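Commentary on secondary and tertiary structure
What follows is each chain in one-letter form.
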Amino acid sequence: MQVEAFLFTRSQRRDFTAFVRPAGMSNRDVSVIASALNNVNDVERLTRAFPALYGFPLGEYVYLLRHYDSRRRHAGRAISVVEGIAVRATWARHFALAVPYLIAHQAEALDIASSVGDLELFAPTLSAAYELPEHAAEIAVPDTAYLDDFVARRLEDRLIVPFTSGGLILMTGALAERRFLSPLYFAFGTNRDVIAAFADAGVSFDVIGFVNAEGAGFRSRETGEKTGEIAVPVVEPESESAPQPAADLTAMRPRAVPLRAPIPPRDLPPAGGAADVPESERLLTMREARRQMRALQPVEPEPPRPAFDPFAALRRLLRLIVGRRE
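Residues numbered from 1 in each chain as written. Predicted model: local features only at pLDDT ≥ 70, side-chain atom pairs only at ≥ 80, totals over all residues. Heavy atoms only, no water.

**Some details on the overall build of the chain**
- In terms of helices and strands, the chain carries 8 helices and 14 strands.
- Within the chain, the fraction of its 326 residues that count as buried is 54%.
- The long-range fraction of contacts in the chain, counting pairs at least 24 apart against all pairs at least 6 apart in sequence, stands at 77%. (Helix = DSSP H or I, 4+ residues; strand = E, 2+ residues; numbered from the N terminus. Buried < 20%, exposed > 50% of the residue type's maximum accessible area, 1.4 Å probe, protein only. Contact = heavy atoms within 4.5 Å.)

The structure is reproduced here in structure tokens:
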């Protein structure tokens, strides 16, 4: 599967810039992502170990991005990083099969900043397309009843989860569910202002993980009212040396190709609109998305997040996965 890279951050020499972007990505699309995520005022709580995660279509591409605090500062303010990969919109359904695996391995799959070397010496460039190993996974979740409900009510309701390891498991389990007729799009570790900004650009989400959400459940797309509750899995920290359940992971092993390739310099194109997304990939109209976002209700504050690597817990769940390679 051919993917392209995206990296948006700032250096001491340059203001916030798309240092790396897909070849078909317009300046407008960069601005949509930057403007939406600029609504996150508490970026310090987003870390490389537990970043915000976004999967959505925009312009010619479908993106899988992570958003976190770089731990660098400029004029006393946190410098955030938005990085990840994108595929052409015609590959959306194919790409969706790989997303659960890529989320569990986001530290490697979405780490574009490590590809550019010294950011102070790096000039903005276009990403070359490179081969990404293809993975398909079925995630083992404690209780699949919420998946049965979501399959039945997806057109009317959204799945809302907390920004915790338990919420991550619920979201990843939904993303791995094969019964959905089209890909699920998600924003995990976000707030209502970010969702509204994306809605203004015509981007709608099926799964939302609010940073201040305490519980999980369903909310009506039309009214924002709660329509159901879901139990959030409790994930306890585990010792890495603890015995692991036996499972056949041979189908999950990457192919013998590099996950990321060096990014050669290319001239940036002039500003311009992206081509229309194919009819089969189009989402709600902007008016419909904006009406739905306005109806979202505030949720309760989130309790402190456990101090351990939740992605390690998710990878442990992958040991109970049946993986298929396309």
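**What about helix α8 (residues 310-317)?**
- In terms of burial, α8 is largely enclosed, as 7 of its 8 residues are buried.
- Of the surrounding elements, those touching the buried residues of α8 are β3 (52-58), α2 (92-104), α3 (106-109) and α5 (165-175).

**Digging into the pairing of strand β11 (residues 207-210)**
- With burial as the criterion, each face of β11 is covered, one bearing V207 and G209 and the other bearing I208 and F210.
- The pairing of strand β9 (residues 157-162) with β11 spans 4 bridges and is parallel. Residue pairing for β11: I160 is matched across the bridge by I208.
- Pairing geometry for strand β10 (residues 186-190) and β11, over 4 bridges, is parallel. The residue bridging F188 from the neighbouring strand is G209, located in β11.
- What joins β10 to β11 is helix α6 (residues 192-200), and the crossover it makes is right-handed. (Pairing = 2+ DSSP bridges. Right-handed = clockwise from strand over helix to strand, strands pointing away.)

**Section: the packing of helix α1 (residues 27-37) against α6**
- Two numbers describe how α1 lies on α6: the axes approach to 8 Å, and their chain directions differ by 155°. Classified by the angle between their axes, α1 and α6 sit roughly antiparallel to one another. Like other packed secondary-structure pairs, α1 and α6 cross with a definite hand, here right-handed. In contact with V32, I33, A36 and L37 of α1, α6 contributes V194, A197 and F198.
- Considered class by class, the residues forming the contact of α1 with α6 number 7 nonpolar, no polar and no charged. (Axes fitted to C-alpha atoms, helices over the stretch in contact; angles between N-to-C directions. Parallel < 35°, antiparallel > 145°, perpendicular 65-115°, else oblique. Left-handed = near helix turned anticlockwise from the far one by under 90°. Nonpolar A, V, L, I, M, F, W, Y, C, P; charged D, E, K, R; others polar.)

**Re the pattern of salt bridges**
- On inspection of all chains with the given rule, the structure shows 14 salt bridges.
- One salt bridge connects R221 with D206, and the closest N-O pair in it is separated by 2.5 Å. Separated by 15 residues along the polypeptide, R221 in the loop between β12 (216-220) and β13 (226-230) and D206 in the loop between α6 and β11 bring together distant segments of the chain. In this pair, the class of R221 matches that of D206, namely buried.
- Salt bridges sharing partners connect three or more residues here, namely R48, R66, E83 and D111. (Salt bridge = Lys/Arg side-chain N within 4 Å of Asp/Glu carboxyl O.)

**Looking at unusual backbone geometry**
- For R71, which is not glycine, the phi dihedral falls at a positive 65°.
- Turning to its location among the elements, R71 is positioned in strand β4 (residues 61-74).

**Notes on the packing of aromatic side chains**
- Applying the stated rule across the entire model yields 13 aromatic pairs.
- For the pair F8 and F16, a centre-to-centre distance of 6.0 Å together with 15° between the ring planes defines the contact as stacked.
- Ring centres 6.1 Å apart and planes at 45° place the aromatic pair Y54 and F198 in the tilted group. Residue Y54 is located in strand β3, and its partner F198 is located in helix α6; the two are separated by 144 residues in the primary sequence. Note on accessibility: Y54 and F198 belong to one class, buried.
- Aromatic rings pair up to connect F6, Y54, F56, Y61, Y63, F198 and F205 into one cluster.
- The ring of F16 is capped by R10, whose NZ or CZ atom sits 5.8 Å from the centre of that ring. (Phe/Tyr/Trp six-rings, centres within 6.5 Å; stacked < 30°, edge-to-face > 60°. Lys NZ or Arg CZ within 6 Å of the ring centre and 35° of its normal.)

**Section: the nonpolar core**
- F56, I85, I103, F198 and F205 are the most contacted members of the largest nonpolar core, which has 94 residues in total.
- A per-element tally of this core places α2 first, with 8 residues. (Core = buried A, V, L, I, M, F, W, Y, C linked by side-chain atoms within 4.5 Å.)

**Comments concerning helix α4 (residues 145-153)**
- Taken as a whole, α4 has its buried residues at Y146, L147 and F150. One side of α4 holds all its buried residues, which, seen down the axis, span an arc of 100°.
- Buried residues in α4 make contact with β9, α5, β11, β12 and β13. (Arc of directions from axis to C-beta.)

**Some thoughts on the packing of α2 against α5**
- At their nearest, the axes of α2 and α5 sit 9 Å apart, and the two run at 155° to each other. By the angle between their directions, the pair α2 and α5 is classed as roughly antiparallel. Crossing handedness for the pair α2 and α5: left-handed. Judged by residue contacts, A96, V99, P100 and I103 of α2 engage L168, M171, T172 and L175 from α5.

**Re the environment of A216**
- Tracing the backbone shows A216 in strand β12.
- Residues A216 and L170, 46 residues apart in the sequence, show an inter-C-alpha distance of 8.7 Å.
- The contacts of A216, once residues within four sequence positions are left out, are I160, V161, P162, L170, G228, E229, I230 and V232.

**Let's talk about the side chain of S80**
- Along the chain, S80 falls in strand β5 (residues 77-88).
- Residue contacts for S80: discarding those within four places in its chain leaves F8, T9, F16, V43, H67, Y68, D69 and S70.

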